[in-house]
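Examining the three-dimensional arrangement
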Amino acid sequence: MSAATIVRMPDEKNGVILRGHPMHFLVTGENTRHTSMFDWTIPAGFATGRHVHRVQEETFYLLEGECEWHVGDRIVRATPGTYLFIPPGVTHNITNVSEKPARVLMTVSPPGHEHYFEELAKLAAQGAPDPEALANLRSRYDTDQLSTLTTRT
(Lines give C-alpha, C1' and ligand atoms only; values in the text may rest on other atoms or scores of the structure.)
Protein backbone atom coordinates (compact mmCIF):
# COMPACT_ATOMS: atom_id res chain seq x y z
CA MET A 1 0.00 0.00 0.00
CA SER A 2 1.36 3.40 -0.88
CA ALA A 3 0.41 6.10 1.59
CA ALA A 4 -1.71 9.01 0.44
CA THR A 5 -2.32 12.28 2.22
CA ILE A 6 -5.65 12.29 4.07
CA VAL A 7 -7.52 15.53 4.73
CA ARG A 8 -10.81 15.44 6.61
CA MET A 9 -12.77 18.70 6.67
CA PRO A 10 -15.20 19.46 9.55
CA ASP A 11 -18.25 18.90 7.33
CA GLU A 12 -17.09 15.41 6.25
CA LYS A 13 -18.77 12.76 8.33
CA ASN A 14 -17.18 9.35 8.00
CA GLY A 15 -17.89 6.88 10.80
CA VAL A 16 -20.71 5.47 12.92
CA ILE A 17 -23.27 6.45 15.53
CA LEU A 18 -22.85 4.78 18.93
CA ARG A 19 -25.44 5.35 21.66
CA GLY A 20 -26.79 8.28 19.69
CA HIS A 21 -23.44 10.05 19.35
CA PRO A 22 -20.93 10.15 16.49
CA MET A 23 -17.60 8.43 16.23
CA HIS A 24 -15.82 9.99 13.26
CA PHE A 25 -13.17 7.89 11.54
CA LEU A 26 -10.26 10.21 10.78
CA VAL A 27 -7.78 7.63 9.50
CA THR A 28 -8.25 3.87 9.21
CA GLY A 29 -6.54 0.71 8.05
CA GLU A 30 -7.75 1.59 4.57
CA ASN A 31 -5.36 4.56 4.69
CA THR A 32 -2.38 3.40 6.76
CA ARG A 33 -0.51 0.37 8.05
CA HIS A 34 0.19 1.83 11.47
CA THR A 35 -2.79 3.37 13.29
CA SER A 36 -6.46 4.28 13.27
CA MET A 37 -7.72 7.60 14.66
CA PHE A 38 -11.21 8.50 15.82
CA ASP A 39 -13.02 11.59 17.09
CA TRP A 40 -15.35 9.94 19.61
CA THR A 41 -18.27 11.67 21.33
CA ILE A 42 -18.95 9.76 24.56
CA PRO A 43 -22.47 10.06 26.01
CA ALA A 44 -22.94 11.39 29.55
CA GLY A 45 -22.66 8.53 32.03
CA PHE A 46 -21.33 6.01 29.48
CA ALA A 47 -18.71 3.51 30.65
CA THR A 48 -16.86 1.05 28.42
CA GLY A 49 -16.48 -1.48 31.22
CA ARG A 50 -13.09 -2.86 32.14
CA HIS A 51 -11.36 -4.52 29.24
CA VAL A 52 -7.90 -5.37 27.96
CA HIS A 53 -6.27 -5.69 24.54
CA ARG A 54 -3.57 -8.31 23.96
CA VAL A 55 -2.01 -6.60 20.90
CA GLN A 56 -3.50 -3.15 20.46
CA GLU A 57 -2.19 0.00 22.03
CA GLU A 58 -4.49 2.98 22.48
CA THR A 59 -4.08 6.70 23.04
CA PHE A 60 -6.70 9.16 24.20
CA TYR A 61 -6.66 12.96 24.22
CA LEU A 62 -9.64 14.56 25.94
CA LEU A 63 -10.99 17.53 23.95
CA GLU A 64 -14.22 18.27 25.85
CA GLY A 65 -15.98 17.11 29.00
CA GLU A 66 -14.73 15.14 31.96
CA CYS A 67 -13.91 11.44 31.98
CA GLU A 68 -12.49 8.98 34.42
CA TRP A 69 -10.11 6.27 33.27
CA HIS A 70 -9.27 3.21 35.35
CA VAL A 71 -5.88 2.19 33.98
CA GLY A 72 -4.43 -0.83 35.77
CA ASP A 73 -4.61 0.15 39.46
CA ARG A 74 -4.66 3.89 38.74
CA ILE A 75 -7.68 6.21 38.47
CA VAL A 76 -7.20 9.23 36.20
CA ARG A 77 -9.72 12.08 36.41
CA ALA A 78 -9.36 13.59 32.93
CA THR A 79 -10.23 17.14 31.91
CA PRO A 80 -9.60 18.74 28.51
CA GLY A 81 -5.96 18.41 27.55
CA THR A 82 -5.41 15.11 29.40
CA TYR A 83 -3.51 12.53 27.33
CA LEU A 84 -3.29 8.79 28.02
CA PHE A 85 -1.28 6.05 26.36
CA ILE A 86 -2.43 2.52 27.19
CA PRO A 87 -0.10 -0.28 26.10
CA PRO A 88 -1.29 -3.82 25.34
CA GLY A 89 -2.07 -5.95 28.39
CA VAL A 90 -3.20 -3.09 30.65
CA THR A 91 -6.76 -3.36 31.96
CA HIS A 92 -8.71 -0.12 31.48
CA ASN A 93 -12.15 1.47 31.55
CA ILE A 94 -13.38 4.85 30.29
CA THR A 95 -16.34 6.58 31.94
CA ASN A 96 -17.84 9.95 31.03
CA VAL A 97 -18.49 11.24 34.56
CA SER A 98 -20.10 14.51 33.46
CA GLU A 99 -23.69 15.37 32.60
CA LYS A 100 -22.71 16.35 29.05
CA PRO A 101 -21.15 14.43 26.17
CA ALA A 102 -17.35 14.26 26.19
CA ARG A 103 -15.08 14.19 23.13
CA VAL A 104 -11.79 12.38 22.76
CA LEU A 105 -9.30 11.85 20.00
CA MET A 106 -8.48 8.16 20.13
CA THR A 107 -5.85 6.17 18.27
CA VAL A 108 -5.61 2.41 18.02
CA SER A 109 -2.51 0.65 16.71
CA PRO A 110 -2.38 -1.47 14.68
CA PRO A 111 -5.29 -0.17 12.56
CA GLY A 112 -8.48 -2.06 11.89
CA HIS A 113 -10.45 -1.35 15.07
CA GLU A 114 -12.80 0.77 12.98
CA HIS A 115 -14.35 -2.52 11.83
CA TYR A 116 -15.12 -3.37 15.46
CA PHE A 117 -16.99 -0.07 15.82
CA GLU A 118 -18.85 -0.60 12.52
CA GLU A 119 -20.03 -4.04 13.62
CA LEU A 120 -20.84 -2.79 17.13
CA ALA A 121 -23.00 0.02 15.68
CA LYS A 122 -24.92 -2.54 13.58
CA LEU A 123 -25.51 -4.76 16.63
CA ALA A 124 -26.57 -1.77 18.77
CA ALA A 125 -28.98 -0.52 16.07
CA GLN A 126 -30.99 -3.71 16.59
CA GLY A 127 -31.54 -2.96 20.30
CA ALA A 128 -29.67 -4.57 23.19
CA PRO A 129 -27.00 -6.72 21.53
CA ASP A 130 -27.08 -10.47 22.03
CA PRO A 131 -24.37 -11.22 24.65
CA GLU A 132 -22.97 -14.10 22.58
CA ALA A 133 -22.74 -11.95 19.43
CA LEU A 134 -21.07 -9.19 21.44
CA ALA A 135 -18.55 -11.60 23.00
CA ASN A 136 -17.76 -12.99 19.55
CA LEU A 137 -17.25 -9.47 18.17
CA ARG A 138 -14.91 -8.51 21.00
CA SER A 139 -12.93 -11.71 20.65
CA ARG A 140 -12.37 -11.09 16.94
CA TYR A 141 -11.11 -7.55 17.64
CA ASP A 142 -8.58 -8.15 20.42
CA THR A 143 -10.88 -7.09 23.28
CA ASP A 144 -11.24 -9.18 26.42
CA GLN A 145 -14.21 -7.65 28.25
CA LEU A 146 -13.83 -8.01 32.02
CA SER A 147 -16.95 -6.09 33.13
CA THR A 148 -20.07 -4.84 31.41
CA LEU A 149 -20.40 -1.48 29.69
CA THR A 150 -23.04 0.82 31.13
CA THR A 151 -24.82 4.12 30.71
CA ARG A 152 -26.59 5.98 33.50
CA THR A 153 -30.23 6.63 32.69
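Rules behind the numbers
- Residues numbered from 1 in each chain as written.
- Predicted model: local features only at pLDDT ≥ 70, side-chain atom pairs only at ≥ 80, totals over all residues.
- Heavy atoms only, no water.
- Patch = residues over 30% accessible without salt bridge, like charges linked within 9 Å, V, L, I, M, F, W, Y side chains within 5 Å.
- Areas by Shrake-Rupley, 256 points an atom, 1.4 Å probe, with all protein chains shown as cover.
- Salt bridge = Lys/Arg side-chain N within 4 Å of Asp/Glu carboxyl O.
- Helix = DSSP H or I, 4+ residues; strand = E, 2+ residues; numbered from the N terminus.
- Pairing = 2+ DSSP bridges.
- Axes fitted to C-alpha atoms, helices over the stretch in contact; angles between N-to-C directions.
- Contact = heavy atoms within 4.5 Å.
- Buried < 20%, exposed > 50% of the residue type's maximum accessible area, 1.4 Å probe, protein only.
- Polar contact = N/O pair within 3.5 Å; in protein donor to acceptor, adjacent residues only side chain to side chain.
- Arc of directions from axis to C-beta.
- Core = buried A, V, L, I, M, F, W, Y, C linked by side-chain atoms within 4.5 Å.
- UniProt positions renumbered as here; feature names shortened; annotations may be inferred.
- Expected span 1.5 Å × (residues − 1).

The protein chain appears in an unreviewed UniProt entry as Cupin domain-containing protein from Rhizobium tropici.

Taken together, the side chains of Tyr 61, Tyr 83 and Phe 85 present a nonpolar region at the surface, about 330 Å² in accessible area. When you line up the elements, Phe 85 lands in strand β9 (residues 83-86).

In space, the 6 strands of this open sheet follow the order β1-β2-β3-β11-β6-β9, with antiparallel pairing throughout. Across the chains shown, the open sheet's two edge strands, defined by having one partner strand only, are β1 (15-18) and β9. The sheet shows a mean angle of 20 degrees between the axes of neighbouring strands, direction not considered. Where strand β2 (residues 21-27) lies against strand β3 (residues 36-42), 4 bridges are found, and the strand directions are antiparallel. By the bridge assignment for β3, Phe 25 is matched with Phe 38. Running at roughly 45 degrees to β1, helix α1 (residues 113-125) makes contact with β1, β2, β3 and β11 (102-109) of the sheet.

A word on the side chain of Thr 32. Mapped onto the elements of the fold, Thr 32 is located in the loop between β2 and β3. The class of Thr 32 is buried, set by a relative accessible area of 18%. Only 3.2 Å separates the side chain of Thr 32 from the backbone nitrogen of His 34, close enough to count as a polar contact.

This part covers helix α2 (residues 131-140). Along α2, the positions that sit buried rather than exposed are Leu 134, Leu 137 and Arg 138. Viewed along the axis of α2, the buried residues span an arc of 95 degrees, placing them on a single side of the element. Check the buried side of α2 and you find it contacts α1 and β12 (144-145). Residue Asp 142 follows α2 closely and has a positive phi angle near 55 degrees.

Core analysis: the largest hydrophobic core is formed by 30 residues, its most contacted members being Met 23, Trp 40, Ile 42, Phe 60, Trp 69 and Phe 117. With 5 residues, the single largest contributor to this core is α1. With near-sequence residues (within four places) excluded, Ile 42 lies in contact with Cys 67, Ile 94, Asn 96, Pro 101, Ala 102 and Val 104.

Bringing the UniProt feature "domain: Cupin type-2" (unreviewed entry) in the protein chain into the picture now. Residues annotated by UniProt as "domain: Cupin type-2" (unreviewed entry) correspond here to residues 40-107. Counting secondary structure, residues 40-107 comes out at 0% helix and 59% strand; the distance between its end C-alpha atoms is 10 Å.

A word on α1. One turn of the α-helix equals 3.6 residues, which is why residues spaced by three or four share an orientation. Taking 1.5 Å of rise per residue, 13 residues should cover 18 Å, and α1 covers 19 Å from first to last C-alpha, within 8% of that figure. Within α1 the residues assigned to the buried category are His 113, Glu 114, Tyr 116, Phe 117, Leu 120, Ala 121 and Leu 123. At its buried positions, α1 is contacted by β1, β2, β3, β11 and α2. Once α1 ends, the next one or two residues include Gly 127, with phi positive near 105 degrees.

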